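Observations on the model geometry
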Amino acid sequence: MKTAWLNLILRLSNQIYQRKQLLVGQEGVQIIWNIVSIVLIEILLAIVSLPLYISVGSQKVTAFLEERGGYAKVAFDYKLRRILTLSGTVVIAVVWGLKLLLILLVPTVFGPLPLYYVSDLRPPELSSQEQAAILEEAGIQNARAVQSLQRPEFTGVNKTSGKNFVFYGTGEPNTMVVLFLTDQQTAVYTGTVDKNGAWSIEHGQKEFLLSEGNHSLSAFTYNKQSGVRSDFSNTQYFKVKTTWLDLVVRNVDVLANLSVVTIILLGAFLVILTI
Amino acid sequence: MAKSKSKVILIVEDDEVILRALYLSFHEGEFTIATATDGETALSMTQRLKPDLVLLDLVLPKKSGFDYLKDMKADPVLKSIPVIVLSNLGTEDNKEKAKDLGALDYFVKADTDLSVLVQKAKKVLEKNS
(Lines give C-alpha, C1' and ligand atoms only; values in the text may rest on other atoms or scores of the structure.)
Protein backbone atom coordinates (compact mmCIF):
# COMPACT_ATOMS: atom_id res chain seq x y z
CA MET A 1 0.00 0.00 0.00
CA LYS A 2 2.73 2.41 1.03
CA THR A 3 4.87 1.45 -1.94
CA ALA A 4 1.92 1.89 -4.31
CA TRP A 5 1.33 5.35 -2.89
CA LEU A 6 5.00 6.32 -3.24
CA ASN A 7 5.06 4.89 -6.76
CA LEU A 8 2.04 7.02 -7.62
CA ILE A 9 3.89 10.10 -6.37
CA LEU A 10 6.85 9.14 -8.53
CA ARG A 11 4.59 8.69 -11.58
CA LEU A 12 2.81 12.00 -11.06
CA SER A 13 6.12 13.85 -10.65
CA ASN A 14 7.35 12.22 -13.82
CA GLN A 15 4.16 13.19 -15.66
CA ILE A 16 4.73 16.81 -14.68
CA TYR A 17 8.33 16.63 -15.91
CA GLN A 18 7.30 15.02 -19.22
CA ARG A 19 4.59 17.59 -19.82
CA LYS A 20 6.95 20.44 -19.03
CA GLN A 21 9.34 19.04 -21.63
CA LEU A 22 6.50 18.94 -24.17
CA LEU A 23 5.87 22.66 -23.66
CA VAL A 24 8.97 23.37 -25.73
CA GLY A 25 7.83 23.14 -29.33
CA GLN A 26 4.10 23.31 -28.62
CA GLU A 27 1.84 26.21 -29.51
CA GLY A 28 -1.78 27.36 -29.50
CA VAL A 29 -4.42 25.19 -27.89
CA GLN A 30 -1.93 22.39 -27.27
CA ILE A 31 0.17 24.54 -24.99
CA ILE A 32 -2.89 25.79 -23.08
CA TRP A 33 -4.15 22.25 -22.58
CA ASN A 34 -0.71 21.15 -21.46
CA ILE A 35 -0.44 23.95 -18.91
CA VAL A 36 -3.93 23.17 -17.60
CA SER A 37 -3.05 19.50 -17.26
CA ILE A 38 0.22 20.37 -15.48
CA VAL A 39 -1.69 22.50 -12.99
CA LEU A 40 -4.23 19.73 -12.44
CA ILE A 41 -1.53 17.12 -11.91
CA GLU A 42 0.29 19.52 -9.56
CA ILE A 43 -2.89 19.86 -7.50
CA LEU A 44 -3.40 16.10 -7.46
CA LEU A 45 0.24 15.59 -6.53
CA ALA A 46 -0.06 18.19 -3.80
CA ILE A 47 -2.98 16.36 -2.26
CA VAL A 48 -1.49 12.89 -2.68
CA SER A 49 1.91 13.91 -1.34
CA LEU A 50 0.68 15.93 1.63
CA PRO A 51 1.42 13.12 4.13
CA LEU A 52 5.04 13.25 3.00
CA TYR A 53 5.31 16.80 4.27
CA ILE A 54 3.77 15.84 7.57
CA SER A 55 5.69 12.63 8.16
CA VAL A 56 9.11 13.50 6.79
CA GLY A 57 10.86 16.49 8.25
CA SER A 58 14.38 17.69 7.73
CA GLN A 59 15.17 17.06 11.40
CA LYS A 60 14.76 13.33 10.83
CA VAL A 61 17.52 13.15 8.28
CA THR A 62 20.71 11.96 9.88
CA ALA A 63 23.98 10.75 8.49
CA PHE A 64 27.19 9.20 9.72
CA LEU A 65 29.89 11.83 9.78
CA GLU A 66 33.32 10.29 9.48
CA GLU A 67 35.14 13.22 11.05
CA ARG A 68 32.89 13.08 14.06
CA GLY A 69 32.79 9.29 14.23
CA GLY A 70 29.05 9.26 14.80
CA TYR A 71 25.64 10.23 13.62
CA ALA A 72 24.57 13.81 13.28
CA LYS A 73 21.83 15.74 11.64
CA VAL A 74 22.70 16.77 8.15
CA ALA A 75 21.36 20.04 6.87
CA PHE A 76 19.93 19.80 3.42
CA ASP A 77 18.40 22.44 1.27
CA TYR A 78 14.81 21.48 0.61
CA LYS A 79 13.21 23.84 -1.80
CA LEU A 80 10.98 26.00 0.30
CA ARG A 81 9.29 27.46 -2.74
CA ARG A 82 8.00 24.05 -3.76
CA ILE A 83 6.70 23.43 -0.27
CA LEU A 84 4.87 26.75 -0.35
CA THR A 85 3.41 26.05 -3.75
CA LEU A 86 2.17 22.65 -2.73
CA SER A 87 0.94 23.72 0.68
CA GLY A 88 -0.79 26.75 -0.81
CA THR A 89 -2.45 24.60 -3.45
CA VAL A 90 -3.66 22.14 -0.87
CA VAL A 91 -5.00 24.84 1.42
CA ILE A 92 -6.83 26.51 -1.45
CA ALA A 93 -8.27 23.16 -2.53
CA VAL A 94 -9.36 22.42 1.03
CA VAL A 95 -10.93 25.86 1.48
CA TRP A 96 -12.90 25.53 -1.73
CA GLY A 97 -13.82 21.96 -0.88
CA LEU A 98 -15.15 23.06 2.50
CA LYS A 99 -17.03 25.88 0.88
CA LEU A 100 -18.67 23.47 -1.56
CA LEU A 101 -19.50 21.06 1.24
CA LEU A 102 -21.02 23.86 3.29
CA ILE A 103 -23.20 24.98 0.41
CA LEU A 104 -24.32 21.43 -0.38
CA LEU A 105 -24.66 19.92 3.06
CA VAL A 106 -25.96 22.64 5.37
CA PRO A 107 -29.47 22.79 3.86
CA THR A 108 -29.56 18.98 3.64
CA VAL A 109 -28.50 18.38 7.22
CA PHE A 110 -30.12 21.31 9.01
CA GLY A 111 -33.07 21.97 6.73
CA PRO A 112 -33.90 25.49 5.64
CA LEU A 113 -31.58 27.90 7.37
CA PRO A 114 -33.05 29.77 10.34
CA LEU A 115 -32.25 33.15 8.91
CA TYR A 116 -34.04 35.38 11.37
CA TYR A 117 -34.70 35.66 15.01
CA VAL A 118 -37.93 37.30 16.06
CA SER A 119 -38.14 38.98 19.44
CA ASP A 120 -41.21 39.66 21.58
CA LEU A 121 -43.70 42.22 20.44
CA ARG A 122 -43.33 45.72 21.85
CA PRO A 123 -45.28 48.90 21.07
CA PRO A 124 -43.61 51.74 19.14
CA GLU A 125 -45.01 54.75 17.24
CA LEU A 126 -46.03 54.90 13.59
CA SER A 127 -46.46 58.28 11.93
CA SER A 128 -50.13 59.13 11.33
CA GLN A 129 -49.16 60.89 8.11
CA GLU A 130 -47.67 57.70 6.85
CA GLN A 131 -50.77 55.74 7.80
CA ALA A 132 -53.00 58.23 5.98
CA ALA A 133 -50.88 58.07 2.85
CA ILE A 134 -51.07 54.31 2.83
CA LEU A 135 -54.78 54.32 3.39
CA GLU A 136 -55.15 56.51 0.38
CA GLU A 137 -53.06 54.16 -1.71
CA ALA A 138 -55.00 51.17 -0.49
CA GLY A 139 -58.29 52.72 -1.59
CA ILE A 140 -59.87 52.52 1.82
CA GLN A 141 -59.34 56.16 2.54
CA ASN A 142 -63.03 56.94 2.39
CA ALA A 143 -63.96 54.42 5.04
CA ARG A 144 -65.38 56.08 8.14
CA ALA A 145 -63.80 55.07 11.42
CA VAL A 146 -66.41 53.89 13.91
CA GLN A 147 -65.92 52.91 17.53
CA SER A 148 -68.52 50.17 17.26
CA LEU A 149 -66.11 47.99 15.28
CA GLN A 150 -63.68 46.16 17.52
CA ARG A 151 -60.10 47.33 17.13
CA PRO A 152 -57.78 44.53 16.06
CA GLU A 153 -55.09 43.34 18.44
CA PHE A 154 -51.84 41.54 17.76
CA THR A 155 -51.37 38.27 19.56
CA GLY A 156 -48.13 37.00 18.07
CA VAL A 157 -45.63 36.69 15.28
CA ASN A 158 -43.88 33.58 14.02
CA LYS A 159 -41.37 32.78 11.34
CA THR A 160 -42.00 29.90 8.99
CA SER A 161 -39.42 27.71 7.24
CA GLY A 162 -36.73 30.23 7.95
CA LYS A 163 -37.89 33.01 5.70
CA ASN A 164 -41.49 34.17 6.07
CA PHE A 165 -43.32 35.73 8.98
CA VAL A 166 -46.87 35.08 10.08
CA PHE A 167 -48.66 37.71 12.15
CA TYR A 168 -51.58 36.68 14.36
CA GLY A 169 -54.31 38.75 15.95
CA THR A 170 -57.94 39.15 16.87
CA GLY A 171 -60.62 41.53 15.64
CA GLU A 172 -64.25 42.00 14.69
CA PRO A 173 -65.51 38.64 13.33
CA ASN A 174 -66.29 38.36 9.61
CA THR A 175 -64.56 41.57 8.59
CA MET A 176 -61.45 42.34 6.59
CA VAL A 177 -58.25 43.10 8.47
CA VAL A 178 -55.83 45.58 6.93
CA LEU A 179 -52.25 45.27 8.17
CA PHE A 180 -49.46 47.81 7.73
CA LEU A 181 -45.91 46.56 7.91
CA THR A 182 -43.12 49.10 7.73
CA ASP A 183 -39.52 48.83 6.73
CA GLN A 184 -37.89 51.43 4.44
CA GLN A 185 -41.29 51.39 2.73
CA THR A 186 -44.62 50.21 4.04
CA ALA A 187 -46.41 47.11 2.86
CA VAL A 188 -50.15 46.70 3.17
CA TYR A 189 -51.69 43.28 3.61
CA THR A 190 -55.32 42.31 3.86
CA GLY A 191 -56.86 39.23 5.41
CA THR A 192 -60.10 37.93 6.79
CA VAL A 193 -61.14 37.81 10.40
CA ASP A 194 -62.89 34.50 10.92
CA LYS A 195 -66.12 33.92 12.77
CA ASN A 196 -64.19 33.37 16.01
CA GLY A 197 -62.51 36.75 15.65
CA ALA A 198 -59.03 35.40 14.78
CA TRP A 199 -56.91 36.33 11.82
CA SER A 200 -53.45 35.63 10.47
CA ILE A 201 -51.44 37.23 7.68
CA GLU A 202 -48.25 35.85 6.18
CA HIS A 203 -45.42 38.04 5.00
CA GLY A 204 -43.13 36.55 2.32
CA GLN A 205 -39.51 37.65 2.49
CA LYS A 206 -39.14 36.92 -1.21
CA GLU A 207 -41.64 39.62 -2.13
CA PHE A 208 -40.49 42.21 0.36
CA LEU A 209 -37.26 41.60 2.21
CA LEU A 210 -37.32 43.04 5.70
CA SER A 211 -33.99 44.46 6.70
CA GLU A 212 -32.37 43.76 10.03
CA GLY A 213 -33.77 45.80 12.92
CA ASN A 214 -37.12 46.95 14.28
CA HIS A 215 -40.29 47.02 12.17
CA SER A 216 -43.69 48.38 13.10
CA LEU A 217 -47.08 46.80 12.69
CA SER A 218 -50.48 48.39 12.84
CA ALA A 219 -53.91 47.29 11.63
CA PHE A 220 -57.60 48.03 11.51
CA THR A 221 -60.64 46.02 10.52
CA TYR A 222 -62.82 47.05 7.61
CA ASN A 223 -66.42 46.21 6.94
CA LYS A 224 -66.92 46.24 3.18
CA GLN A 225 -70.72 46.15 3.28
CA SER A 226 -71.16 49.19 5.44
CA GLY A 227 -67.94 50.91 4.29
CA VAL A 228 -66.74 51.56 7.83
CA ARG A 229 -63.55 50.70 9.59
CA SER A 230 -62.33 50.40 13.11
CA ASP A 231 -59.80 52.63 14.78
CA PHE A 232 -56.16 51.66 14.36
CA SER A 233 -54.81 49.05 16.67
CA ASN A 234 -52.00 49.86 19.04
CA THR A 235 -48.86 49.91 16.99
CA GLN A 236 -46.53 47.04 17.69
CA TYR A 237 -43.09 46.28 16.50
CA PHE A 238 -40.91 43.27 16.11
CA LYS A 239 -37.24 42.81 15.53
CA VAL A 240 -35.53 41.00 12.65
CA LYS A 241 -32.14 39.74 13.67
CA THR A 242 -29.59 37.94 11.51
CA THR A 243 -28.10 34.85 13.12
CA TRP A 244 -24.36 34.05 13.10
CA LEU A 245 -24.99 31.00 10.93
CA ASP A 246 -26.72 33.18 8.38
CA LEU A 247 -23.79 35.59 8.43
CA VAL A 248 -21.32 32.75 7.88
CA VAL A 249 -23.31 31.19 5.06
CA ARG A 250 -24.06 34.52 3.44
CA ASN A 251 -20.40 35.52 3.57
CA VAL A 252 -18.87 32.16 2.76
CA ASP A 253 -17.67 33.48 -0.59
CA VAL A 254 -16.00 36.45 1.06
CA LEU A 255 -14.40 34.22 3.69
CA ALA A 256 -13.14 31.74 1.11
CA ASN A 257 -11.77 34.47 -1.13
CA LEU A 258 -10.20 36.29 1.80
CA SER A 259 -8.51 33.09 2.91
CA VAL A 260 -7.08 32.61 -0.59
CA VAL A 261 -5.79 36.18 -0.65
CA THR A 262 -4.28 35.71 2.81
CA ILE A 263 -2.55 32.51 1.72
CA ILE A 264 -1.15 34.16 -1.41
CA LEU A 265 0.11 37.15 0.58
CA LEU A 266 1.60 34.88 3.22
CA GLY A 267 3.20 32.74 0.51
CA ALA A 268 4.67 35.82 -1.18
CA PHE A 269 5.98 37.06 2.15
CA LEU A 270 7.63 33.72 2.93
CA VAL A 271 9.10 33.48 -0.54
CA ILE A 272 10.61 36.95 -0.10
CA LEU A 273 12.09 35.77 3.20
CA THR A 274 13.73 32.82 1.47
CA ILE A 275 15.39 34.90 -1.28
CA MET B 1 25.20 9.11 19.82
CA ALA B 2 26.68 5.66 20.28
CA LYS B 3 25.61 3.67 17.28
CA SER B 4 27.44 1.26 15.08
CA LYS B 5 28.03 2.51 11.60
CA SER B 6 25.14 1.52 9.34
CA LYS B 7 25.06 1.75 5.58
CA VAL B 8 24.73 5.30 4.35
CA ILE B 9 22.79 6.08 1.21
CA LEU B 10 23.12 9.50 -0.34
CA ILE B 11 20.01 10.46 -2.27
CA VAL B 12 20.62 13.20 -4.80
CA GLU B 13 17.33 14.57 -6.07
CA ASP B 14 16.20 18.15 -6.70
CA ASP B 15 12.46 17.46 -6.69
CA GLU B 16 11.46 17.60 -3.08
CA VAL B 17 8.40 15.42 -3.46
CA ILE B 18 10.45 12.62 -4.99
CA LEU B 19 13.21 13.19 -2.45
CA ARG B 20 10.76 12.70 0.39
CA ALA B 21 9.20 9.69 -1.32
CA LEU B 22 12.64 8.11 -1.74
CA TYR B 23 13.53 8.97 1.83
CA LEU B 24 10.42 7.21 3.04
CA SER B 25 11.09 4.18 0.83
CA PHE B 26 14.58 3.70 2.19
CA HIS B 27 13.97 4.94 5.69
CA GLU B 28 12.50 1.71 6.99
CA GLY B 29 15.53 -0.29 6.04
CA GLU B 30 18.68 -0.44 8.06
CA PHE B 31 20.07 2.52 6.13
CA THR B 32 21.09 5.96 7.15
CA ILE B 33 19.86 8.46 4.65
CA ALA B 34 21.62 11.62 3.61
CA THR B 35 20.25 13.88 0.93
CA ALA B 36 21.37 16.56 -1.47
CA THR B 37 19.35 18.61 -3.90
CA ASP B 38 22.04 19.81 -6.31
CA GLY B 39 25.16 18.39 -7.91
CA GLU B 40 27.69 20.54 -6.06
CA THR B 41 26.27 19.78 -2.63
CA ALA B 42 26.08 16.13 -3.62
CA LEU B 43 29.77 16.06 -4.46
CA SER B 44 30.82 17.78 -1.24
CA MET B 45 28.59 15.47 0.78
CA THR B 46 30.04 12.47 -1.02
CA GLN B 47 33.55 13.61 -0.10
CA ARG B 48 32.50 14.25 3.47
CA LEU B 49 30.31 11.22 4.15
CA LYS B 50 31.73 8.63 1.81
CA PRO B 51 28.35 6.94 1.47
CA ASP B 52 27.98 3.26 0.69
CA LEU B 53 25.61 3.99 -2.17
CA VAL B 54 24.55 7.03 -4.16
CA LEU B 55 21.10 7.29 -5.68
CA LEU B 56 21.46 9.94 -8.35
CA ASP B 57 19.12 12.08 -10.40
CA LEU B 58 20.64 13.46 -13.59
CA VAL B 59 18.85 16.74 -14.10
CA LEU B 60 20.16 18.79 -11.18
CA PRO B 61 20.87 22.45 -10.49
CA LYS B 62 24.46 23.80 -10.23
CA LYS B 63 26.08 20.57 -11.44
CA SER B 64 24.31 17.94 -13.54
CA GLY B 65 24.24 14.30 -12.55
CA PHE B 66 26.58 13.50 -15.45
CA ASP B 67 29.13 16.07 -14.22
CA TYR B 68 28.78 14.75 -10.69
CA LEU B 69 29.49 11.22 -11.95
CA LYS B 70 32.48 12.43 -13.95
CA ASP B 71 34.00 14.27 -10.97
CA MET B 72 33.25 11.54 -8.51
CA LYS B 73 34.67 8.73 -10.60
CA ALA B 74 37.78 10.82 -11.20
CA ASP B 75 38.42 10.90 -7.44
CA PRO B 76 40.38 7.78 -6.43
CA VAL B 77 38.83 7.76 -2.96
CA LEU B 78 35.28 8.01 -4.18
CA LYS B 79 35.29 6.11 -7.43
CA SER B 80 34.48 2.78 -5.82
CA ILE B 81 31.21 4.06 -4.39
CA PRO B 82 28.37 2.48 -6.38
CA VAL B 83 25.95 4.87 -8.07
CA ILE B 84 22.42 4.01 -9.16
CA VAL B 85 20.81 6.54 -11.45
CA LEU B 86 17.12 7.36 -11.09
CA SER B 87 16.16 9.84 -13.74
CA ASN B 88 13.38 11.19 -15.91
CA LEU B 89 15.68 10.88 -18.91
CA GLY B 90 14.71 7.63 -20.56
CA THR B 91 16.62 7.58 -23.83
CA GLU B 92 19.23 4.92 -24.57
CA ASP B 93 21.84 7.65 -25.16
CA ASN B 94 21.49 8.89 -21.63
CA LYS B 95 21.56 5.38 -20.19
CA GLU B 96 24.72 4.55 -22.10
CA LYS B 97 26.36 7.85 -21.15
CA ALA B 98 25.60 7.30 -17.45
CA LYS B 99 26.91 3.76 -17.51
CA ASP B 100 30.01 4.84 -19.40
CA LEU B 101 30.65 7.37 -16.66
CA GLY B 102 30.48 4.64 -14.06
CA ALA B 103 26.83 4.29 -13.02
CA LEU B 104 26.08 0.81 -11.78
CA ASP B 105 22.45 0.76 -12.84
CA TYR B 106 19.91 3.04 -14.44
CA PHE B 107 16.23 3.42 -13.54
CA VAL B 108 13.73 5.60 -15.39
CA LYS B 109 11.27 7.25 -13.00
CA ALA B 110 8.29 6.64 -15.26
CA ASP B 111 8.82 2.87 -15.16
CA THR B 112 10.29 2.40 -11.71
CA ASP B 113 8.72 0.48 -8.87
CA LEU B 114 10.27 1.84 -5.69
CA SER B 115 10.25 -1.57 -4.02
CA VAL B 116 12.40 -2.90 -6.89
CA LEU B 117 14.75 0.03 -6.45
CA VAL B 118 15.05 -0.64 -2.72
CA GLN B 119 15.76 -4.33 -3.38
CA LYS B 120 18.39 -3.39 -5.93
CA ALA B 121 20.02 -1.02 -3.43
CA LYS B 122 20.04 -3.73 -0.77
CA LYS B 123 21.69 -6.20 -3.14
CA VAL B 124 24.37 -3.69 -4.08
CA LEU B 125 25.08 -2.91 -0.43
CA GLU B 126 25.22 -6.61 0.51
CA LYS B 127 27.58 -7.30 -2.33
CA ASN B 128 29.89 -4.46 -1.30
CA SER B 129 29.92 -5.18 2.42
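Residues numbered from 1 in each chain as written. Chains lettered and ligands numbered in written order. Predicted model: local features only at pLDDT ≥ 70, side-chain atom pairs only at ≥ 80, totals over all residues.

**Focus: the overall build of chain B**
Across its full length, chain B carries five helices and five strands. Counted from the first residue to the last, chain B has its helices and strands arranged as β-α-β-α-β-α-β-α-β-α. Per-residue burial for chain B yields a buried fraction of 48% across its 129 residues. When contacts within chain B are restricted to residue pairs at least 6 apart in sequence, long-range pairs at least 24 apart make up 61% of them. (Helix = DSSP H or I, 4+ residues; strand = E, 2+ residues; numbered from the N terminus. Buried ≥ 20, exposed ≤ 12 C-beta atoms within 10 Å, placed from the backbone. Contact = placed C-beta atoms within 7 Å.)

**Considering the overall build of chain A**
Helix and strand counts for chain A stand at six helices and twelve strands. For chain A, the proportion of its 275 residues judged to be buried stands at 18%. In chain A, of all internal contacts separated by at least 6 residues, the share reaching a separation of at least 24 is 64%.

**Overview of the nonpolar core**
Residues B:Ile9, B:Leu10, B:Ile11, B:Val12, B:Ala21, B:Leu55 and B:Leu56 are the most contacted members of the largest nonpolar core, which totals 49 residues. If you tally residues by element for this core, the top one is helix α1 (residues 16-27) of chain B, at eight residues. In this view, B:Leu10 contacts B:Ala34, B:Ala36, B:Ala42, B:Met45, B:Thr46, B:Leu49, B:Pro51 and B:Val54; residues no more than four positions away in its chain are not counted. By size, the runner-up hydrophobic cluster in this structure holds 17 residues, among which are A:Val157, A:Val178, A:Val193 and A:Leu217. (Core = buried A, V, L, I, M, F, W, Y, C linked by C-beta atoms within 7 Å.)

**Some remarks on helix α5 (residues 114-128) of chain B**
All names here are of chain B. In this model α5 runs 21 Å from its N-terminal to its C-terminal C-alpha over 15 residues, within 8% of the 21 Å that 1.5 Å per residue would give. Those residues of α5 that sit buried are Leu114, Leu117 and Ala121. Taken down its axis, α5 places every buried residue within 55° of arc, on the same side. Those residues of α5 that are exposed and aimed more than 90 degrees away from the buried face are Gln119, Lys123, Glu126 and Lys127. (Expected span 1.5 Å × (residues − 1). Arc of directions from axis to C-beta.)

**Looking at the sheet that holds strand β5 (residues 153-160) of chain A**
Residue and element names in this part refer to chain A. Read from one edge to the other, the open sheet built from three strands follows the order β5-β6-β9, with strand pairing classed as antiparallel. Edge positions in the open sheet fall to β5 and β9 (198-203), since each of these has one partner strand only. Adjacent strand axes in the sheet meet at a mean angle of 20°, parallel and antiparallel pairs treated alike. (Pairing = 2+ DSSP bridges. Axes fitted to C-alpha atoms, helices over the stretch in contact; angles between N-to-C directions.)

**Regarding the pairing of strand β10 (residues 213-223) of chain A**
Residues and elements named next belong to chain A. Looking at chain direction, strand β7 (residues 176-182) and β10 are connected through six bridges and run antiparallel. Its bridge partner lying in β10, Val178 is registered against Phe220. As paired elements, β10 and strand β11 (residues 228-229) share two bridges and run antiparallel to each other. Bridged to Tyr222 within β11 is Arg229. As consecutive antiparallel partners, β10 and β11 are separated by four residues, and within that stretch Gly227 has a phi angle of approximately 65°, a positive value.

**Thoughts on the environment of B:Leu10**
All names here are of chain B. Within the secondary structure, Leu10 is located in strand β1 (residues 8-12). Under the C-beta neighbour-count criterion, Leu10 is labelled buried, with 25 such atoms within 10 Å. Linking Leu10 and Thr46, residues 36 residues apart in sequence, is a C-alpha distance of 7.6 Å.

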